[in-house]
Amino acid sequence: MTLADEVRLDDAGDLVAEHVTGLQHTRVHRSVRDGFLWWHRPGALHPGPLAAPAAAAVPDLSGVPGAALLATPVPAGGGLLHRAPGAVSVVTWLADPRPGARRLAAHALAAAGCALRALHGTPVPPGLPTGPPAALRRMRAWADGRDGLLPGAARLREETLAVWGADRFDRVRTWWEEAVAPAVPAPSLIHGGASLGALVPPLHRGRTALLTGEDLTAGSPALDLGWLLGDLAELAWSEGRNGGRGDEEGPDLRHVLLAGYGPGPGPVALGRAAVLRVVTHMQDFAAYCDWTEELHDYIAFTAELIDEEGHRAVPGLGPGPGGTPTP
């Protein structure tokens, strides 16, 4: 049984959290039975309904020791409903100053690595929707400057082009093409949106959940791992910029994630995928949230990430002078 089995909207109790952007509206309710219900529905600017057409292909990992459970959704109230063991994601736990919070996040990341290993080893089912995950499609449309960009995204592109220059845009497009190219010898079943915001540790006891379903596709495992590594690199940069602890205290969460996964993609693919993640997050924020001057800092940060090919996101590598990666 997966965490999403028998989930119903009438099981929703008290509202404990709510997050609204133009892309997605999230409400977290305490379940009247056990745990919490995460209800996602389209935001005001979302181009269509939310769906998880391949959720049935997600493996049940309840018998895999150490793995996060892949919590698949059911349709409910015009959106998708997941059951999870906690009310907040790893993003929130990493902002918590209590010493135990980072240990909890590390445990969740190790479980995510183990779960992604199992997911990537699952046969790709026939009829699986093909093509890059929606977030990567949005990022490519932004990088190409296509017609129809939302106003915030169009403004971001104009200001980013002035800082990045055409060469960095070309490099990002090349890495996008490499990341979504058909995998050899065969593609893997990938999560497609494995972010820290989708990773939910238990509030008291139980297994970590990785909210899974909407973005399932066939592709390269580097995309899933790079998505999480990009999130970690962005958080470390943001904490350091704001005078926080950065990534100096506690375990190196990048190591924890990759150790949980085991042998996998090489550092070049991981670093470039991490860059794609941070650029995608920047683009989505500009498109679907209010414009903020903080985006100018993001433009400069992503320029640095591109120059170093995302090496700060990968354990054992770091940017040298002029962005040259050094072991």
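As the structure is a computational prediction, the values presented were derived from the model and not from experiment.

1. Remarks on the confidence of the model for the chain
Okay, so step 1: When the pLDDT values of the chain are averaged, the result is 90; 91% of them are 70 or greater.
Okay, so step 2: Here residues 1-5 scores under 50 on pLDDT; set against residues more than four positions off or in separate chains, the count is 15 contacts.
Okay, so step 3: Every residue in residues 320-327 is under pLDDT 50, and counting partners more than four places away or in other chains gives 15 contacts.

2. Re the packing of aromatic side chains
Okay, so step 1: One pass over the structure, following the stated rule, counts five aromatic pairs.
Okay, so step 2: With a centroid separation of 5.9 Å and an interplanar angle of 90°, the aromatic rings of Trp142 and Trp164 are classed as edge-to-face. Taken together, the positions of Trp142 in helix H3 (residues 134-144) and Trp164 in helix H4 (residues 151-180) put the pair 22 residues apart, joining distant regions of the chain.
Okay, so step 3: Take Trp164: its relative accessible area is 4%, and that puts it in the buried class.
Okay, so step 4: Aromatic side chains Trp164 and Phe169 sit 4.7 Å apart centroid to centroid with 50° between the ring planes, which places their arrangement in the tilted category.
Okay, so step 5: Judged by its relative accessible area of 1%, Phe169 is buried.
Okay, so step 6: In textbook terms, an aromatic cluster arises when at least three aromatic residues are bridged by ring pairs, as seen for Trp142, Trp164 and Phe169.
Okay, so step 7: The side chain of Arg140 reaches across the aromatic face of Trp176, ending 4.9 Å from its centre.
Okay, so step 8: Arg157 extends its terminal NZ or CZ atom over the ring of Phe169, reaching a point 4.9 Å from the ring centre.

3. Section: the pattern of salt bridges
Okay, so step 1: All told, the structure shown has 19 salt bridges when counted by the stated rule.
Okay, so step 2: Note that Arg146 and Asp144 form a salt bridge whose closest N and O atoms lie 3.2 Å from each other.
Okay, so step 3: On the basis of relative accessible area, Arg146 is assigned to the partly exposed category, the value being 44%.
Okay, so step 4: A relative accessible area of 28% means that Asp144 is categorised as partly exposed.

4. Focus: unusual backbone geometry
Glycine aside, the phi torsion of most residues is negative, and most peptide linkages are trans.
Okay, so step 1: A positive phi angle, close to 55°, is found at Glu309, a residue other than glycine.
Okay, so step 2: Along the chain, the position of Glu309 falls in the loop between helix H8 (294-307) and strand S11 (318-319).

Parameters at a glance
- Residues numbered from 1 in each chain as written.
- Predicted model: local features only at pLDDT ≥ 70, side-chain atom pairs only at ≥ 80, totals over all residues.
- Heavy atoms only, no water.
- pLDDT = per-residue confidence, 0-100.
- Contact = heavy atoms within 4.5 Å.
- Phe/Tyr/Trp six-rings, centres within 6.5 Å; stacked < 30°, edge-to-face > 60°.
- Helix = DSSP H or I, 4+ residues; strand = E, 2+ residues; numbered from the N terminus.
- Buried < 20%, exposed > 50% of the residue type's maximum accessible area, 1.4 Å probe, protein only.
- Lys NZ or Arg CZ within 6 Å of the ring centre and 35° of its normal.
- Salt bridge = Lys/Arg side-chain N within 4 Å of Asp/Glu carboxyl O.

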